[in-house]
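The lines below spell out each chain.
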Amino acid sequence: MTRYKREDPELTRRKFINVALGASAAVGTVSLLSTLGGANPVFRLTPKKAPPMPGDVLVHAAGEKAGQPVTEADLSDQVTRAWPMGKDATGAPVIRDGDPTSILAIFKFPEGELKAPTNLDATVNGQIVAYGDRCTHAGCNVDNGTAPSGKSIMNCPCHSGQYEPREGCKVIGGPPPAPLPQLPVKIEGGQLVATGFFLTRPFGYPSDEEWQHYTEKVKELLS
Ligand code: FES
């Protein structure tokens, strides 16, 4: 099992949100340093720590192809792990591997296997799907597993949580309180690219409201 444990105390909750974010997109690079309110947790975000965002290219997290863009040919019904890669404030490429919440699990299933509650509009041809790979229970990285039927599923090694990647990574066993968050993706220039933020709150954000607030703020900056 591969663990991507890169905990950073700066990502824990504090009194203010202090975002230092060099975000890249087609519109260019934006930097932000702002205080968003005492009622919110603090996430000190740098380009390396920012969650996946629209326009990020997904690159292999491990193996011979580590750092190279993920292509359709690399994918199967077994998990392929990837980091999002954006740009820093100077426009230089930066792999966002500074926060374990950003690690992704990507699959390609035969036509017709992906079903609701997977958001099929956020997949490539209803076959390629990406999820956050950090368990919604206590944040461990989730790995390949096998159901009694022999079908591939996702298993969390920490407390035996199980997810069904063909059905929106819904919880099918163990204590996780919520599905793994789906990341909308497309193929562009032969590479897998994020088209938005996680569709639901990833581990580490204390509420849906906080996650929504964060994504809205970044969208404002990119618009
Ligand atoms: S951290 Fe995954 S089941 Fe507990």
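Heads up: the structure comes first, above all this text.
Throughout this document, residue positions are counted from 1 along each chain, in the order its sequence is written. Reporting of local features is limited, given that this is a predicted model, to residues whose pLDDT is at least 70; pairs of side-chain atoms are given and counted only at 80 or more, and all residues count toward the totals for whole chains, interfaces and linings. Working from all heavy atoms in the structure, the side-chain values ignore hydrogens and water.

**Focus on the overall build of the protein**
Each helix and strand counted, the protein has 1 helix and 14 strands in total. Think of it in three bands: residues with accessible area under 20% of the maximum for their type are buried, residues over 50% are exposed, and the middle band is partly exposed, with areas taken using a 1.4 Å probe on protein chains only. Per-residue burial over the protein gives 49% buried out of 223 residues. To be clear on the numbers: accessible area is Shrake-Rupley with a 1.4 Å probe, and residue cover counts the displayed protein chains and nothing else. When the accessible surface of the protein is summed, it comes to about 9900 Å², and 50% of that surface belongs to carbon and sulfur atoms. Working definition: helices are DSSP H or I runs of at least four residues, strands are E runs of at least two. Numbering for both runs from the N terminus.

**Let's talk about unusual backbone geometry**
Cis geometry marks the peptide bond from Ala 116 to Pro 117, where omega comes out at 10 degrees. Within the secondary structure layout, Pro 117 lies in the loop between strand S6 (104-108) and strand S7 (128-132). Non-glycine residue Ser 160 carries a positive phi angle of around 65 degrees. Looking at the secondary structure, you find Ser 160 in the loop between strand S9 (152-155) and strand S10 (162-164). On the basis of relative accessible area, Ser 160 is assigned to the exposed category, the value being 53%.

**Some thoughts on the state of the cysteines**
By definition, a disulfide links the sulfur atoms of two cysteine residues through a covalent bond. Cysteine sulfur atoms are paired as a disulfide whenever they fall within 2.5 Å. Across all of its chains, the model carries 1 disulfide by this definition. Sulfur-sulfur distance for the disulfide between Cys 140 and Cys 158 comes to 1.9 Å. Where Cys 140 bonds to Cys 158 through sulfur, the torsion about that S-S bond is close to -95 degrees, and the disulfide is left-handed. Taken together, the residues Cys 140 in the loop between S7 and strand S8 (143-146) and Cys 158 in the loop between S9 and S10 connect sequence positions 18 residues apart. In this structure Cys 140 comes out as buried when scored by relative accessible area, which is 7%. Residue Cys 158 is classed as partly exposed on the basis of its relative accessible area of 29%.

**Details of the pairing of S6**
By the criterion of burial, S6 is predominantly enclosed, with 4 of the 5 residues buried. A pair of strands is considered paired only if DSSP assigns at least 2 bridges between the two. Alignment of strand S4 (residues 80-87) against S6, held across 3 bridges, turns out to be antiparallel. When the sheet's bridge partners are listed, Ala 82 is paired in S6 with Leu 104. As judged from the 5 bridges shared by S6 and S7, these two strands associate in the antiparallel manner. Bridging from a neighbouring strand, Lys 108 pairs with Ile 128 of S7.

**Let's talk about the nonpolar core**
As used in this record, nonpolar core signifies buried Ala, Val, Leu, Ile, Met, Phe, Trp, Tyr and Cys residues forming a set joined through side-chain atoms within 4.5 Å. Counting residues in each nonpolar core, the largest one holds 21 residues, and the members touching the most others are Leu 58, Ile 106, Leu 183, Val 185, Leu 192 and Tyr 214. Of all elements in the fold, only S6, S7, strand S14 (191-194) and helix H1 (208-222) reach the threshold of two or more residues within this core. At 3 residues, the largest contribution of residues to this core is made by H1. Two residues form a contact once any of their heavy atoms are found within 4.5 Å. Once you skip the residues sitting within four places of it in the chain, Leu 192 turns out to touch Asp 56, Val 57, Leu 58, Val 70, Leu 75, Ile 106, Val 124, Ile 128, Val 185, Lys 186 and Ile 187.

**Focus: the pairing of strand S11 (residues 170-173)**
Looking at chain direction, S10 and S11 are connected through 3 bridges and run antiparallel. Paired with Glu 164 across the strands is Lys 170, a residue of S11. Hairpin connection from S10 to S11: 5 residues lie between these consecutive antiparallel strands, with Gly 168 at a positive phi of about 65 degrees.

**What to know about the packing of aromatic side chains**
Working definition: rings of Phe, Tyr and Trp (its six-membered ring) pair if their centres are within 6.5 Å, and the pair is stacked with planes under 30 degrees apart, edge-to-face with planes over 60 apart, and tilted otherwise. Under the defined criterion, the tally for this structure stands at 6 aromatic pairs. Pairing Phe 198 with Trp 211 gives two aromatic rings, centres 6.3 Å apart and planes at 40 degrees, and the pair type is tilted. In this pair, Phe 198 sits in the loop between S14 and H1 while Trp 211 sits in helix H1, placing the two residues 13 residues apart along the sequence. Across the pair, Trp 211 and Phe 198 agree in class, each one buried.

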